[in-house]
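# Reading the structure
Each chain, written out:
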Amino acid sequence: LDIDPHHACGDLSSCKQKEVLLLVASICCSFTNLLLLDEPTSNLDIAGLLRLRRLIEQSTATIVMVSHDVDLINDVSTDIIDMQAKKLWYYPGNYDSYRLMKEQKEKHNLKQSMVMEKK
């Protein structure tokens, strides 16, 4: 990581701090079943982004990730869980398949509502 081991983590740039956290996470991944990632791509440079993707792809742990990085979600997700109206909805696949299934579900619900209104 090209980091002086004698520096306090708080003295590092936010990018370097995130890289240290990724290194710790990669060590933890070897003996944990669950990894929680909250906006893991923020403050990462290209090398950090590549390291993060490798960590996710090589991990055998279940990873729960909150992210606005659609490209990352599309590339590494196998399942999407969406929270709406205090309910969790499960969608298999990546973000693109989630959007398609959600759109189909919304159209179906709209048609059902229109049928019910006509009665």
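The structure this text deals with has already been given above.
One structure accompanies this document, and this report is about it. (Residues numbered from 1 in each chain as written. Predicted model: local features only at pLDDT ≥ 70, side-chain atom pairs only at ≥ 80, totals over all residues. Heavy atoms only, no water.)

One non-glycine residue, N43, lies in positive phi territory at about 65°. Although it is not a glycine, K86 sits at a positive phi angle of roughly 60°. The residue K86 is located in the loop between β3 (79-84) and β4 (87-92) in this model. A relative accessible area of 83% places K86 in the exposed class. (Helix = DSSP H or I, 4+ residues; strand = E, 2+ residues; numbered from the N terminus. Buried < 20%, exposed > 50% of the residue type's maximum accessible area, 1.4 Å probe, protein only.)

A few words now on the side chain of S77. Structurally, the position occupied by S77 is in the loop between α3 (70-76) and β3. Polar contacts involving the side chain of S77 include one to the main-chain carbonyl oxygen of I73, which spans 2.8 Å. Once you skip the residues sitting within four places of it in the chain, S77 turns out to touch L72, G93 and N94. (Polar contact = N/O pair within 3.5 Å; in protein donor to acceptor, adjacent residues only side chain to side chain. Contact = heavy atoms within 4.5 Å.)

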